[in-house]
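Reading the structure
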Amino acid sequence: MAPVTPGSYRFRKESLVEVRRRLGLSQTQFAAKLGVPKNTVSRWETGATTPNADALAAVYSLGRKGGNMAKFFAPEVTIVRIRDRALVYWDLDSMNPFSWNADVDKWDDFVEEEVYRRISKPIYQQFKVFSGSSNSRALDRLEEMNWDIWDRDSDIIHHARSESGQDPDGSIVFLITTNPDHAGLVERLKDDGVLVYLMAPSSVDIKLIEAVGKKRWINIDGLPGLPQGWNPIPGFSI
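Residues numbered from 1 in each chain as written. Predicted model: local features only at pLDDT ≥ 70, side-chain atom pairs only at ≥ 80, totals over all residues. Heavy atoms only, no water.

**A word on helix 8 (residues 183-191)**
Those residues of helix 8 not exposed but buried are Ala 183, Leu 185, Val 186 and Leu 189. Buried residues along helix 8 cover an arc of 160° about the axis, so they all sit on one side. Elements in contact with the buried residues of helix 8: helix 7 (156-164), strand 6 (171-176), strand 7 (195-200) and helix 9 (206-212). Gly 193 sits one or two positions beyond helix 8 and adopts a positive phi of about 100°. (Buried < 20%, exposed > 50% of the residue type's maximum accessible area, 1.4 Å probe, protein only. Helix = DSSP H or I, 4+ residues; strand = E, 2+ residues; numbered from the N terminus. Arc of directions from axis to C-beta. Contact = heavy atoms within 4.5 Å.)

**Describing unusual backbone geometry**
It is generally the case that most residues other than glycine have a negative phi and that most peptide bonds are trans. With a phi close to 75°, Asn 146 is a non-glycine residue in the positive phi region. Assignment of secondary structure puts Asn 146 in the loop between helix 6 (137-144) and strand 5 (148-151).

**Some details on the packing of helix 2 (residues 27-34) against helix 3 (residues 38-46)**
Where helix 2 contacts helix 3, the axes come no closer than 8 Å and their chain directions differ by 110°. Our classification of the angle between helix 2 and helix 3 gives roughly perpendicular. Listed contacts from helix 3 to Gln 27, Thr 28, Phe 30, Ala 31 and Leu 34 of helix 2 are Lys 38, Val 41, Ser 42, Trp 44 and Glu 45. A class-by-class count of the residues in the contact of helix 2 with helix 3 yields 5 nonpolar, 3 polar and 2 charged. (Axes fitted to C-alpha atoms, helices over the stretch in contact; angles between N-to-C directions. Parallel < 35°, antiparallel > 145°, perpendicular 65-115°, else oblique. Nonpolar A, V, L, I, M, F, W, Y, C, P; charged D, E, K, R; others polar.)

**Thoughts on the nonpolar core**
With 27 residues, the main nonpolar core has Trp 90, Val 111, Trp 147, Ile 176 and Met 199 as its most contacted residues. Only strand 3 (85-91), helix 5 (104-118), strand 4 (124-131), helix 6, strand 6 and strand 7 provide two or more residues apiece to this core. If you tally residues by element for this core, the top one is helix 5, at 5 residues. Discounting chain neighbours no more than four positions away, the residues touching Ile 176 are Val 88, Tyr 89, Trp 90, Asp 91, Met 95, Trp 107, Val 111, Trp 147 and Met 199. Membership of the second largest hydrophobic core comes to 21 residues, among which are Leu 175, Leu 185, Val 194 and Ile 209. (Core = buried A, V, L, I, M, F, W, Y, C linked by side-chain atoms within 4.5 Å.)

Next up, the structure:
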């Protein structure tokens, strides 16, 4: 005999109503024939309680004698929530020494490719960059490419938790940073039910990578503007 998988089926409370109505009985009459109080039948039909095996056998027998049967059990359907909200937060100043002459177009292409690889058709997307730099050349270009520009003093943690909190089960946050303090943000987002990816070079503090998990770390080594020759984290295998 094949093993029973717990949770594969659910009891259909509406099946009790179907049997009773096909027999043309009120709840009081139905309860009397089953030998249970009227409020017990009422609680069964609302789903407040579920009949035990003996009671269910009695309902089955009563229904069969009346020439009608109900489907008492139905397969349990698990609905998987599709994550379709892309939220990107780029902590630009943490990329120090980031070259302001870097080709931000290549950064934008890289980020979009990684995001859309994981959410092919987002119903909502937000790309934000945070910087306190007075050099606006790269920021102006990013703004042209539909990034929202925020001053470094604006709280990334507040933005990430507030916006993902509107639909945590449907959100994926992409955090571009080397700031190890953001490991706490990652943990809080995960606790909220948000899926989090980290975009960072191999030199980043390992606690950031451990916070997201190695499978959700996107290595950005080689992107223009990052310092060359950075050594990978000692003891960490890419």
